[in-house]
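Observations on chain architecture
Okay, here's what each chain looks like letter by letter:
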Amino acid sequence: MRTRSDTSLGSATSPAEWDALVADNGGCFFQRYDWLTTMADVLGLDFHGLTVHADGRPVGVAPMLVKRIGPFRTVNWVPFPYVGPLVPRAVLAELLPLLSAWERRRRSVRSQHVLMSTVDHDSHRDRTFVLDLKGQHEDSLLRRVEPKRRAKIRRATAQGVVVRPATEDDIESLLPAWSEATFAAQGLPAPYPAAGYATVWTRFRDSPDARFSTAVLDGEPVCVQVSFTGAPRAVAWVMANAGTPQASLAQPLLYWDTISWALHQGCEEFDLVGAPTDGVARYKRDWGAHEAHYSVLRRQSPIYQLPPICRLLRDDRRGAR
């Protein structure tokens, strides 16, 4: 698999090689080998860890998370961001045809590749919100927070909200139940199967790069958050709450606690991950985050529109619930 500039695809020889290439290209936790293999288990996918070579030298990675749907496949259609080629920009133009050929050989009818930055290509532009932590301390970060949010942090502390490390039950029982209820209220299925939270807990509970935290009021858990770090960028994964007034009181303190954690982990930025609505965007701006953009490359085969594959996809979604 070569082009005139001698760009080629290979396979990672070890998780350490993969993670070193991710770090060299400014990647984040969602691109690390242990996270991708965990998500493959959680979501029922096949993970193919492709390395990208230029002139015989490994220069980046191209994770391929493949879903089998009857005789067809989808690639990188996952509920978390930044799954896509992580390579020097100069290599990207030669790499994309190689990835398309790889997908076609596996009868992929739909694929998605997220890039960490924007590119001049036929792509969709998406947004996230990022807190700049470099050179900051807690007081300077707190001054960036909108006064109404700062007031809510103080109110939560005054009324006895405490943030503590999450327990196994918080992650394996409360978090999936609360998440499912939140998405159901919007008419949407939960993005992760309930058992997946237990898998994430088992794999990462002892990792210094993982933060499992719970806000507690009057001895009762009311809000849970999971975030990950790995200098220079921290990323938020999930937060869910009990949907009660007590949870609304506690959530701002839990949010601030996680920001403080990312700062003290030595991160230069904290990616609050996405903004599906303008309301969510305003909320994240209130915390001092700025809007950042990245590119999403999508390919969909005409066969995807045919009734048999539509039925297979529908049945697959039902089976995942």
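Please read these numbers as outputs of a predicted model, since none were measured by experiment. Once a new chain begins, its residue numbering starts again from 1 and follows that chain's sequence as written. Local features in a predicted model are, by the rule used here, given only for residues with pLDDT of at least 70; side-chain atom pairs are given and counted only at 80 or more, and totals for whole chains, interfaces and linings are based on all residues. For side-chain calculations, the full set of non-hydrogen atoms in the structure is used, while hydrogens and water are omitted.

Details of the nonpolar core
- Take the buried residues of types Ala, Val, Leu, Ile, Met, Phe, Trp, Tyr and Cys, join any two whose side-chain atoms come within 4.5 Å, and each joined set is a nonpolar core. Relative accessibility thresholds used throughout: buried, under 20% of the residue-type maximum; exposed, over 50%; partly exposed, between the two (1.4 Å probe, protein chains only). The biggest cluster of nonpolar side chains holds 43 residues, and the ones touching the most others in it are F30, W35, F80, F228 and W237.
- When residues of this core are assigned to their parent elements, the largest contribution, 6 residues, is made by helix α2 (residues 33-43).
- Contact between two residues is taken to exist if any of their heavy atoms lie within 4.5 Å; hydrogens are not considered. Apart from the residues lying within four places of it in its own chain, the contact partners of F80 are F30, W35, L36, M39, L43, L65 and Y192.
- In terms of nonpolar packing, the next biggest core, distinct from the first, is built from 33 residues, F129, A234, Y283 and W287 among them. Counting from the N terminus, the helices are DSSP H or I runs at least four residues long and the strands are E runs at least two residues long.

Things to note about the confidence of the model for the protein
- pLDDT: the predictor's confidence for each residue, scored from 0 to 100. On average, residues of the protein score 91 in pLDDT, and 91% of them are at 70 or above.
- Confidence drops under pLDDT 50 across residues 317-321; counting only partners more than four residues distant or on other chains, this segment forms 1 contact.

A word on the packing of aromatic side chains
- Pairing of aromatic rings covers Phe, Tyr and Trp, the last through its six-membered ring, and needs centres within 6.5 Å; plane angles under 30 degrees mean stacked, over 60 mean edge-to-face, and all others mean tilted. By the definition in use, this model includes 22 aromatic pairs.
- Both rings, one in W201 and one in F212, keep their centres 5.2 Å apart while their planes meet at 80°; by these two values the pair is edge-to-face. Of this pair, W201 sits in helix α7 (residues 194-204) while F212 sits in strand β8 (residues 210-217), and the two are 11 residues apart along the sequence. The exposure classification of W201 matches that of F212, with both residues buried.
- Here the aromatic cluster, defined as three or more aromatic residues joined through ring pairs, consists of F29, F30, W35, F80, Y192, Y197, F204, F228 and W237.
- Above the plane of the ring of Y82 lies R233, whose end atom (NZ or CZ) is 5.7 Å from the centre. In our convention, an over-ring charge means Lys NZ or Arg CZ found within 6 Å of a ring centre and within 35 degrees of that ring's normal.

A few points about the sheet that holds strand β6 (residues 124-132)
- For two strands to pair, DSSP has to find at least two bridges joining them. In space, the 12 strands of this open sheet follow the order β1-β2-β3-β4-β5-β12-β6-β11-β10-β9-β8-β7, with mixed pairing throughout. A single partner strand is all that each edge strand has here, and the edge strands are β1 (7-11) and β7 (162-165). Across this sheet, the average inter-strand angle for adjacent strands is 30°, counted without regard to direction.
- Looking at chain direction, β7 and β8 are connected through 4 bridges and run antiparallel. Bridge assignment links R164 to a residue of β8, and that residue is T214.
- Whenever a helix is involved, its axis is fitted only over the stretch in contact; in every case the axis is a line through C-alpha atoms, and angles between N-to-C directions fall within 0 to 180 degrees. Where α7 meets the sheet, it contacts β8, β9 (220-228) and β10 (233-241), and its direction lies at approximately 115° from that of β8.
- Along the sheet, helix α9 (residues 278-286) contacts β6 and β12 (290-300); its crossing angle with β6, the most-contacted strand, is approximately 25°.

Let's talk about α9
- Taken together, the buried positions of α9 are occupied by A281, Y283, K284 and D286.
- Check the buried side of α9 and you find it contacts β6, α4 (138-144), α5 (147-158) and α8 (245-264).
- Positioned one or two residues after α9, G288 has a phi angle of 95°, which is positive.

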